[in-house]
Amino acid sequence: MKTWELISIVLSALVAGMFYGPWAALSRSISSFTPEVFLAIVDRMNRNMAPIMTVLMPAAVLSIVPVLFLSYHKQPRTFYLGLAGFAFFIIALLITMLIEVPIVKEIVTWKVSTLPDNWQQLRDRWSAFHAIRVVAGLAGLVLLVVGAIF
(Lines give C-alpha, C1' and ligand atoms only; values in the text may rest on other atoms or scores of the structure.)
Protein backbone atom coordinates (compact mmCIF):
# COMPACT_ATOMS: atom_id res chain seq x y z
CA MET A 1 0.00 0.00 0.00
CA LYS A 2 2.69 2.49 1.02
CA THR A 3 4.68 1.73 -2.13
CA TRP A 4 1.68 2.57 -4.33
CA GLU A 5 0.99 5.71 -2.31
CA LEU A 6 4.59 6.82 -2.83
CA ILE A 7 4.49 6.05 -6.55
CA SER A 8 1.17 7.86 -7.03
CA ILE A 9 2.33 10.89 -5.04
CA VAL A 10 5.64 11.19 -6.91
CA LEU A 11 4.02 10.82 -10.34
CA SER A 12 1.18 13.19 -9.40
CA ALA A 13 3.69 15.73 -8.07
CA LEU A 14 5.52 15.61 -11.40
CA VAL A 15 2.24 16.18 -13.28
CA ALA A 16 1.18 19.02 -10.97
CA GLY A 17 4.64 20.54 -11.38
CA MET A 18 4.37 20.35 -15.15
CA PHE A 19 1.11 22.29 -14.86
CA TYR A 20 2.27 24.78 -12.25
CA GLY A 21 5.73 25.61 -13.64
CA PRO A 22 4.61 26.98 -17.01
CA TRP A 23 1.70 28.79 -15.35
CA ALA A 24 4.01 30.52 -12.86
CA ALA A 25 6.69 31.27 -15.44
CA LEU A 26 4.71 32.14 -18.57
CA SER A 27 0.97 31.66 -18.69
CA ARG A 28 0.10 34.44 -16.25
CA SER A 29 1.65 36.99 -18.64
CA ILE A 30 1.01 35.26 -21.96
CA SER A 31 -1.43 37.95 -23.10
CA SER A 32 1.39 40.52 -23.04
CA PHE A 33 3.56 38.64 -25.55
CA THR A 34 3.82 39.75 -29.15
CA PRO A 35 2.46 37.22 -31.66
CA GLU A 36 6.01 36.19 -32.63
CA VAL A 37 7.00 35.48 -29.02
CA PHE A 38 3.68 33.79 -28.26
CA LEU A 39 3.99 31.41 -31.22
CA ALA A 40 7.62 30.60 -30.38
CA ILE A 41 6.78 29.85 -26.74
CA VAL A 42 3.79 27.64 -27.58
CA ASP A 43 5.84 25.72 -30.14
CA ARG A 44 8.74 25.15 -27.74
CA MET A 45 6.55 24.24 -24.77
CA ASN A 46 4.60 21.79 -26.92
CA ARG A 47 7.74 20.12 -28.25
CA ASN A 48 9.25 19.86 -24.76
CA MET A 49 6.18 18.86 -22.77
CA ALA A 50 3.94 16.78 -25.05
CA PRO A 51 6.18 13.68 -25.22
CA ILE A 52 6.63 13.67 -21.44
CA MET A 53 3.02 14.35 -20.51
CA THR A 54 1.70 11.78 -23.00
CA VAL A 55 3.27 9.11 -20.78
CA LEU A 56 3.44 10.81 -17.39
CA MET A 57 -0.16 11.92 -17.03
CA PRO A 58 -1.80 8.53 -17.73
CA ALA A 59 0.82 6.82 -15.55
CA ALA A 60 0.06 9.17 -12.66
CA VAL A 61 -3.70 8.69 -12.97
CA LEU A 62 -3.38 4.92 -13.24
CA SER A 63 -0.99 4.76 -10.26
CA ILE A 64 -3.81 6.01 -8.03
CA VAL A 65 -6.01 3.01 -8.87
CA PRO A 66 -4.04 0.48 -6.74
CA VAL A 67 -4.18 2.91 -3.80
CA LEU A 68 -7.96 3.06 -4.15
CA PHE A 69 -8.23 -0.71 -4.49
CA LEU A 70 -5.99 -1.46 -1.50
CA SER A 71 -7.55 1.14 0.78
CA TYR A 72 -11.21 0.51 -0.09
CA HIS A 73 -12.20 -1.63 2.93
CA LYS A 74 -9.20 -1.09 5.17
CA GLN A 75 -8.61 2.67 5.21
CA PRO A 76 -11.77 4.59 4.31
CA ARG A 77 -10.20 8.02 4.86
CA THR A 78 -7.34 7.18 2.50
CA PHE A 79 -9.83 5.77 0.02
CA TYR A 80 -12.11 8.81 -0.05
CA LEU A 81 -9.28 11.34 -0.12
CA GLY A 82 -7.59 9.30 -2.86
CA LEU A 83 -10.84 9.07 -4.77
CA ALA A 84 -11.26 12.85 -4.60
CA GLY A 85 -7.64 13.31 -5.72
CA PHE A 86 -8.23 10.84 -8.55
CA ALA A 87 -11.32 12.82 -9.61
CA PHE A 88 -9.29 16.05 -9.75
CA PHE A 89 -6.66 14.37 -11.91
CA ILE A 90 -9.39 13.01 -14.19
CA ILE A 91 -10.71 16.58 -14.52
CA ALA A 92 -7.20 17.77 -15.40
CA LEU A 93 -6.81 14.93 -17.91
CA LEU A 94 -10.14 15.74 -19.56
CA ILE A 95 -9.29 19.44 -19.77
CA THR A 96 -5.97 18.50 -21.32
CA MET A 97 -7.38 16.11 -23.90
CA LEU A 98 -10.62 17.87 -24.80
CA ILE A 99 -9.64 21.54 -24.63
CA GLU A 100 -5.93 22.25 -24.22
CA VAL A 101 -4.40 19.82 -26.72
CA PRO A 102 -6.79 20.70 -29.58
CA ILE A 103 -6.07 24.41 -29.07
CA VAL A 104 -2.30 23.84 -29.01
CA LYS A 105 -2.50 21.62 -32.11
CA GLU A 106 -4.20 24.50 -33.88
CA ILE A 107 -1.78 27.15 -32.59
CA VAL A 108 1.36 25.28 -33.71
CA THR A 109 0.10 25.46 -37.30
CA TRP A 110 -0.06 29.25 -37.23
CA LYS A 111 2.47 31.70 -38.60
CA VAL A 112 2.46 35.39 -37.73
CA SER A 113 1.27 36.12 -41.24
CA THR A 114 -1.61 33.62 -40.95
CA LEU A 115 -2.92 34.37 -37.46
CA PRO A 116 -6.69 33.90 -37.40
CA ASP A 117 -8.84 36.82 -36.35
CA ASN A 118 -9.78 35.05 -33.12
CA TRP A 119 -6.24 34.05 -32.09
CA GLN A 120 -6.38 36.10 -28.90
CA GLN A 121 -9.65 34.49 -27.85
CA LEU A 122 -8.15 31.03 -28.39
CA ARG A 123 -5.04 32.02 -26.46
CA ASP A 124 -7.19 33.32 -23.60
CA ARG A 125 -9.37 30.20 -23.63
CA TRP A 126 -6.28 28.02 -23.38
CA SER A 127 -4.93 30.20 -20.56
CA ALA A 128 -8.18 30.09 -18.57
CA PHE A 129 -8.46 26.32 -18.81
CA HIS A 130 -4.78 25.95 -17.98
CA ALA A 131 -5.41 27.83 -14.72
CA ILE A 132 -8.25 25.41 -13.91
CA ARG A 133 -5.93 22.52 -14.72
CA VAL A 134 -3.28 23.91 -12.37
CA VAL A 135 -5.81 24.10 -9.53
CA ALA A 136 -7.12 20.59 -10.26
CA GLY A 137 -3.59 19.14 -10.33
CA LEU A 138 -2.53 20.80 -7.11
CA ALA A 139 -5.80 19.87 -5.36
CA GLY A 140 -5.43 16.27 -6.50
CA LEU A 141 -1.86 16.12 -5.24
CA VAL A 142 -2.75 17.63 -1.85
CA LEU A 143 -5.59 15.14 -1.39
CA LEU A 144 -3.33 12.20 -2.19
CA VAL A 145 -0.68 13.42 0.26
CA VAL A 146 -3.24 14.06 3.02
CA GLY A 147 -4.74 10.61 2.42
CA ALA A 148 -1.31 9.00 2.75
CA ILE A 149 -0.33 10.92 5.88
CA PHE A 150 -3.55 10.67 7.82
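Placed above this text is the structure.
Parameters at a glance
Residues numbered from 1 in each chain as written. Predicted model: local features only at pLDDT ≥ 70, side-chain atom pairs only at ≥ 80, totals over all residues. Heavy atoms only, no water. Axes fitted to C-alpha atoms, helices over the stretch in contact; angles between N-to-C directions. Helix = DSSP H or I, 4+ residues; strand = E, 2+ residues; numbered from the N terminus. Parallel < 35°, antiparallel > 145°, perpendicular 65-115°, else oblique. Left-handed = near helix turned anticlockwise from the far one by under 90°. Nonpolar A, V, L, I, M, F, W, Y, C, P; charged D, E, K, R; others polar. Buried < 20%, exposed > 50% of the residue type's maximum accessible area, 1.4 Å probe, protein only. Contact = heavy atoms within 4.5 Å. Salt bridge = Lys/Arg side-chain N within 4 Å of Asp/Glu carboxyl O.

## Quick notes on the packing of helix 2 (residues 35-71) against helix 3 (residues 76-107)
Helices that pack against each other are described as a pair by the angle of their axes relative to one another and the distance between those axes.
Then comes step 1: Remark: helix 2 packs on helix 3, axes separated minimally by 10 Å, with the N-to-C direction vectors making an angle of 155°. Judged by the angle between their axes, helix 2 and helix 3 are roughly antiparallel. Of the two possible hands of crossing, helix 2 and helix 3 adopt the one that is left-handed.
Then comes step 2: Across the contact of helix 2 with helix 3, the residue classes break down as 19 nonpolar, 5 polar and no charged.

## Regarding the environment of Ile 99
Then comes step 1: Locating Ile 99 in the fold gives a position in helix 3.
Then comes step 2: Classification of Ile 99 as buried rests on a relative accessible area of 15%.
Then comes step 3: In this structure the C-alpha to C-alpha distance between Ile 99 and His 130, which are 31 residues apart in sequence, comes to 9.3 Å.
Then comes step 4: If near-sequence neighbours (up to four positions away) are discounted, Ile 99 is found in contact with Leu 94, Arg 125 and Phe 129.

## Observations regarding the pattern of salt bridges
Pairing is possible between side chains that carry opposite charge, provided their charged atoms lie close to one another.
Then comes step 1: Within the structure shown, the criterion is met by 4 salt bridges.
Then comes step 2: Where Lys 2 meets Glu 5, a salt bridge forms, and the shortest distance between an N and an O atom there is 3.1 Å. Taken together, the residues span about one helical turn, with Lys 2 and Glu 5 both in helix 1 (residues 2-25) at a distance of 3 residues.
Then comes step 3: Since its relative accessible area comes to 52%, Lys 2 is described here as exposed.
Then comes step 4: Exposure remark for Glu 5: the relative accessible area of 4% places this residue in the buried category.
Then comes step 5: Between Arg 47 and Asp 43 there is a salt bridge; the shortest N-O distance is 3.0 Å. In this pair, Arg 47 and Asp 43 both sit in helix 2, 4 residues apart, roughly one turn of the helix.

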